[in-house]
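# Reading the structure
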Amino acid sequence: MEQTYNKEKFSKFIHVVQVIVKVLKVILYVVLGFLVVAFFISAMIPQARFEVDLSQFENLDVRVSNIVNAVDPNLFNQVVNIKRLVVTGLIGAILNTSFVTFILIQLSKLLGNVKEEPFNLQNSLILKNLGIGYFIASIVLKTYQSVVSNAAFQTVGIDQHGTAFGINFQYVFMGVLILILSYVFSYGSYLQEEHDATL
């Protein structure tokens, strides 16, 4: 059988991906730092500074689930305080950025290990952590998205609007795939050990 695995090509590819991941990690660390600082600053700013006159947004339409809803004009005859919305939104942004940073950290570890030895037990554990991370994010991020939506509606005085809590099934699907991949790597590690033992 002809050898199709080119180790040099594979190493170059992994090296390029590692560089991209490192750059993205640095960018995300900066963004995360900025969001944390912005959260603490906005939390310390007096509530009176967050008052917004809604009369400047009279002709606004709101899009929910691809349906454009005309907003009641009477809604814009008020001044609202958006501090709660800003703080809640910043927490949501911190959670999302933290999750993406977690993915890149795990990916960076995986790439470092795969370059040397693709099938080892540590790679299986890294993939397992990623899969579990996706499962947790499927609930936490989706739930917090609902919290931010509720905060937005309550800020403008729409208390009767309910936002459904749910699960991000795309993340659940990703989690399942990554967990399956972790078991494949675990089995590959076992076969590698068996192969090395027979040599």
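Figured I'd write up the structure that's included with this text. (Residues numbered from 1 in each chain as written. Predicted model: local features only at pLDDT ≥ 70, side-chain atom pairs only at ≥ 80, totals over all residues. Heavy atoms only, no water.)

### A closer look at the overall build of the chain
Test applied: Secondary structure counts use DSSP, requiring at least four H or I residues in a row for a helix and at least two E residues in a row for a strand, with both numbered from the N terminus. Classification of residues uses two cut-offs on accessible area relative to the type maximum, computed with a 1.4 Å probe and protein chains only: under 20% is buried, over 50% is exposed, and between them is partly exposed. Any two residues having at least one pair of non-hydrogen atoms within 4.5 Å are treated as being in contact. Note on areas: Shrake-Rupley, 1.4 Å probe, and residue coverage restricted to the protein chains presented here.
Counting its secondary structure elements, the chain contains four helices and four strands. Listing each helix as α and each strand as β along the chain from the N terminus yields α-β-β-β-β-α-α-α. The buried share of the chain, reckoned over its 199 residues, is 30%. Put simply, 78% of the contacts in the chain that link residues at least 6 apart link residues at least 24 apart. For the chain, the exposed area adds up to about 13,300 Å²; of that, 64% sits on carbon and sulfur atoms.

### Re the packing of aromatic side chains
Rules: Working definition: a ring pair exists when centres of Phe, Tyr or Trp rings (six-membered ring for Trp) sit within 6.5 Å. Plane angles under 30 degrees give stacked, over 60 give edge-to-face, the rest tilted.
Under the counting rule described, the total for this entry stands at four aromatic pairs. Arranged with centres 5.1 Å apart and planes meeting at 90 degrees, the rings of Phe99 and Tyr134 form a pair that is edge-to-face. One end of the pair, Phe99, is in helix 2 (residues 83-116); the other, Tyr134, is in helix 3 (residues 121-155), and 35 residues separate them in sequence. Taken as a pair, Phe99 and Tyr134 share a single burial class, namely buried. Clustering of aromatic rings is evident, with ring pairs tying together Phe99, Tyr134 and Tyr171.

### Structural notes on the packing of helix 1 (residues 7-44) against helix 2
Note the cut-off: Axis lines are fitted through C-alpha atoms, for helices just across the contact stretch, and the angle between N-to-C directions can take any value from 0 to 180 degrees. Comment on the angle field: the value is read as roughly parallel under 35 degrees, roughly antiparallel over 145, roughly perpendicular from 65 to 115, and oblique elsewhere. Should the near helix be turned anticlockwise from the far one by less than a right angle, the crossing is left-handed, and should it be turned clockwise, the crossing is right-handed. Classes in brief: Ala, Val, Leu, Ile, Met, Phe, Trp, Tyr, Cys and Pro nonpolar; Asp, Glu, Lys and Arg charged; the others, Gly included, polar.
As a packed pair, helix 1 and helix 2 sit with axes 8 Å apart at the nearest point and diverge in direction by 160 degrees. Between helix 1 and helix 2, the angle falls in the class roughly antiparallel. The hand of the helix 1/helix 2 crossing is left-handed. Class assignment for the residues of the contact of helix 1 with helix 2 results in 26 nonpolar, nine polar and three charged.

### Details of the nonpolar core
Across soluble globular proteins, nonpolar side chains have a tendency to be buried as a group. We count it as follows: Residues enter a nonpolar core if they are buried and are Ala, Val, Leu, Ile, Met, Phe, Trp, Tyr or Cys, with the set joined through side-chain atoms within 4.5 Å.
If you look at the biggest cluster of nonpolar residues, it comprises 17 residues, and the most contacted ones within it are Phe99, Ile103, Leu110, Leu127, Leu130, Tyr134 and Ile178. Of all elements in the fold, only helix 1, helix 2, helix 3 and helix 4 (169-198) reach the threshold of two or more residues within this core. Ignoring any residue separated from it by four or fewer positions in sequence, one finds Phe99 in contact with Gly133, Tyr134, Ala137, Leu141 and Tyr171. Leu32, Leu35, Ala38 and Phe39 belong to the second-largest nonpolar core, a separate cluster that totals seven residues.

### Observations concerning the side chain of Lys25
Inclusion rule: Here a polar contact means two N or O atoms within 3.5 Å. Within protein one must be a hydrogen donor candidate and the other an acceptor candidate, and residues neighboring in sequence count only if both atoms are side-chain atoms.
Within the secondary structure, Lys25 is located in helix 1. Polar side-chain contacts of Lys25 include one of 3.4 Å to the side chain of Ser108. Once residues within four sequence positions are removed from consideration, Lys25 is found in contact with Leu104, Ile105 and Ser108.

### Overview of a nonpolar patch on the surface
The line we're drawing: Patches in this entry comprise residues that are over 30% relatively accessible and not in a salt bridge; like charges within 9 Å are linked, as are nonpolar side chains (Val, Leu, Ile, Met, Phe, Trp, Tyr) within 5 Å. Think of a salt bridge as a Lys or Arg side-chain nitrogen and an Asp or Glu carboxyl oxygen that are within 4 Å of each other.
Together, Val16, Val19, Ile20, Val23, Leu24, Ile27 and Val31 line one region of the surface with nonpolar side chains, adding up to about 550 Å² of accessible area. Along the polypeptide, Val31 turns up in helix 1. Looking at Val31, the relative accessible area reads 34%, which means it is partly exposed.

### Considering the environment of Gln18
Mapped onto the secondary structure, Gln18 falls in helix 1. Under the relative-accessibility criterion, Gln18 is labelled buried at 17%. For the pair Gln18 and Ser108, spaced 90 residues apart in the sequence, the C-alpha separation amounts to 6.5 Å. Beyond its immediate stretch of four places on either side in the chain, Gln18 contacts Leu111, Gly112 and Lys115.

### Remarks on helix 1
To keep things clear, this is the line we draw: In this analysis, the expected span of each helix is defined as 1.5 Å times one less than the number of residues it contains.
The end-to-end C-alpha separation of helix 1 is 55 Å, in line with the 56 Å expected for 38 residues at 1.5 Å each. Of all the residues in helix 1, the buried ones are Ile14, Gln18, Val21, Lys25, Leu28, Leu32, Leu35, Ala38, Phe39 and Ser42. Close packing links the buried residues of helix 1 with helix 2.

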